[in-house]
Amino acid sequence: MLTHTTTRVLDPSDLGAALAILESEPVENAFVTSRVQVAGLDPWRLGGEMWGWYAEGRLRSLCYSGANLVPICATPDAVRAFADRARRTGRRCSSIVGPAEPTAQLWRLLESSWGPARDVRPHQPLMVADQLPADVRPDPRVRRIRKDELDVIMPACVAMFTEEVGVSPLAGDGGLLYQARVAEIVGAGRCFARIDDGKVIFKAEIGAATDQACQIQGVWVDPEYRGRGLSETGMAAVLRYALADVAPVVSLYVNDYNTAARAAYRRVGFREVGAFMSVLF
């Protein structure tokens with residue numbers, strides 16, 4: 001048994017202890033929890049390592065190290081230990097993302113060796129909803145995207161990603177990984193859109209999903225149709241699907257400067273319960 005403060009890479013035998021920590025914060029941890037529930041802790045299947053921080057022989061905090069670096073239920077001491085490990089291994093991720101306070105501490109400790117970042121978003125409100133809005137009618141034309149409609153939805157996905165992140169997902173590998181991810185979401189029945197005359201004018205996805213919480217991502221309205229309330233009625237439709245078919249609590253996080261989106265989400269019934277932070281490389 002570990003009897004001192006230390007960190008190590010977790011393995012499949014640690015699954016129960018890791019899930020206990022992940023499931024203690026079902027909304028904040030939905031992204032990583034959903035991956036671990038499907039893939040376990042084997043790094044190859046998980047797509048990265050899960051680092052564990054121990055104190056007094058007990059697993060207390062986690063950090064997912066894959067395409068993203070994500071501190072999970074991380075105490076200040078754990079964050080310092082994770083930063084030390086991250087410096088030793090070098091940057092392999094495209095972003096650091098997670099609850100604002102530990103993520104900010106992690107970035108302060110890593111910036112001198114990993115910086116500069118391409119963009120830092122220090123306060124991204126985390127919002128949740130657990131019921132349908134009383135005064136926003138779900139758009140009846142928003143529906144699940146079929147597998148044979150991947151070519152129809154992909155340009156909207158690329159436009160959303162480029163607008164949100166600031167770089168095209170088609171760079172580097174030509175978009176193979178991104179297209180595979182979109183195909184996975186479509187195949188799981190978690191991509192929704194309104195398509196008028198063959199054109200996507202609203203879309204959103206249910207990304208991470210557990211039996212306790214799920215997360216809406218990739219919300220996008222065609223620029224020609226913005227300002228018409230489509231984000232509200234479209235989100236109400238996706239929220240209806242999510243609550244009926246996926247989880248009892250639906251979450252999302254949004255850039256604090258996107259006041260129009262935050263107002264639209266509030267009108268659909270989402271309320272702020274915390275904040276995330278993202279560091280993009």
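Preceding block: the structure.
Residues numbered from 1 in each chain as written. Predicted model: local features only at pLDDT ≥ 70, side-chain atom pairs only at ≥ 80, totals over all residues. Heavy atoms only, no water.

Draft legend 1. Fine view of the sheet that holds strand β11 (residues 250-253). Here 12 strands make up an open sheet; going across it, the order is β1-β2-β3-β4-β5-β12-β6-β11-β10-β9-β8-β7 and the pairing mixed. A strand with exactly one partner marks an edge of an open sheet, and here the two such strands are β1 (6-9) and β7 (142-144). On average, each strand axis in the sheet is tilted by 25° relative to the strand beside it, whichever way the strands run. Relative to the sheet, helix α5 (residues 100-114) contacts β4 (68-72), β5 (95-99), β6 (119-129) and β12 (271-280), its axis offset from that of β5 by approximately 155°. Along the sheet, helix α10 (residues 259-268) contacts β6, β10 (214-221), β11 and β12; its crossing angle with β6, the most-contacted strand, is approximately 10°. (Pairing = 2+ DSSP bridges. Helix = DSSP H or I, 4+ residues; strand = E, 2+ residues; numbered from the N terminus. Axes fitted to C-alpha atoms, helices over the stretch in contact; angles between N-to-C directions. Contact = heavy atoms within 4.5 Å.)

Draft legend 2. How the structure looks around the packing of helix α9 (residues 230-245) against α10. Packing of α9 against α10 brings their axes to within 9 Å, and their N-to-C directions diverge by 50°. Taken as axis vectors, α9 and α10 run oblique relative to one another. Handedness of the α9/α10 crossing: right-handed. Touching Ser-231, Glu-232, Met-235, Ala-236 and Leu-239 of α9 are Ala-264, Tyr-265, Arg-267 and Val-268, all from α10. Classifying every residue of the contact of α9 with α10 gives six nonpolar, one polar and two charged. (Parallel < 35°, antiparallel > 145°, perpendicular 65-115°, else oblique. Left-handed = near helix turned anticlockwise from the far one by under 90°. Nonpolar A, V, L, I, M, F, W, Y, C, P; charged D, E, K, R; others polar.)

Draft legend 3. Geometry of the packing of aromatic side chains. Evaluated as defined, the whole model comprises seven aromatic pairs. Their ring planes at 40° and their centres at 6.4 Å tell us that Trp-51 and Phe-82 sit as a pair that is tilted. Of the two residues, Trp-51 is situated in strand β2 (residues 49-55) and Phe-82 in helix α4 (residues 76-89); the sequence distance between them amounts to 31 residues. Taking the relative accessible area as the measure of exposure, Trp-51 reaches 1% and is therefore buried. Looking at Phe-82, the relative accessible area reads 2%, which means it is buried. With centroids separated by 4.8 Å and ring planes inclined at 35°, the aromatic side chains of Tyr-253 and Phe-276 adopt a geometry described as tilted. (Phe/Tyr/Trp six-rings, centres within 6.5 Å; stacked < 30°, edge-to-face > 60°. Buried < 20%, exposed > 50% of the residue type's maximum accessible area, 1.4 Å probe, protein only.)

Draft legend 4. Focus on the packing of α4 against α5. Where α4 meets α5, the closest approach of the two axes is 9 Å, and the angle between their N-to-C directions is 30°. Considering the angle they form, α4 stands roughly parallel to α5. Note that α4 runs across α5; the crossing there is right-handed. Two secondary-structure elements touch here, α4 through Pro-76, Val-79, Arg-80, Phe-82, Ala-83, Ala-86 and Arg-87 and α5 through Pro-102, Gln-105, Leu-106, Leu-109, Leu-110, Ser-113 and Trp-114. Class assignment for the residues of the contact of α4 with α5 results in 10 nonpolar, two polar and two charged.

Draft legend 5. How the structure looks around the nonpolar core. Counting 26 residues, the largest nonpolar core has Ile-216, Met-235, Val-238, Leu-252, Tyr-265 and Phe-270 as the members making the most contacts within it. For this core, the elements supplying multiple residues, two or more each, are β6, β9 (199-209), β10, α9, β11 and α10. Looking at this core element by element, the count peaks at seven residues for α9. Those residues within four positions of Leu-252 in sequence are excluded, and the remaining contacts are Pro-125, Leu-126, Met-127, Gln-215, Ile-216, Met-235, Tyr-265 and Phe-270. Counting residues in hydrophobic clusters, the runner-up holds 24 residues, among them Ala-55, Val-79, Trp-107 and Met-277. (Core = buried A, V, L, I, M, F, W, Y, C linked by side-chain atoms within 4.5 Å.)

Draft legend 6. Fine view of the environment of Ala-247. Along the chain, Ala-247 falls in the loop between α9 and β11. Overall, Ala-247 belongs to the buried group, its relative accessible area being 3%. Distance in space between the C-alpha atoms of Ala-247 and Val-221 is 25 Å, their sequence separation being 26 residues.

Draft legend 7. Seen up close, the pattern of salt bridges. Across all of its chains, the model carries 20 salt bridges by this definition. Asp-84 serves as the salt-bridge partner of Arg-87, at 2.3 Å between the closest nitrogen and oxygen. Placement of both Arg-87 and Asp-84 in helix α4 is noted, with a separation of three residues, approximately one turn of the helix. By relative accessible area, which is 35% here, Arg-87 ends up partly exposed. (Salt bridge = Lys/Arg side-chain N within 4 Å of Asp/Glu carboxyl O.)

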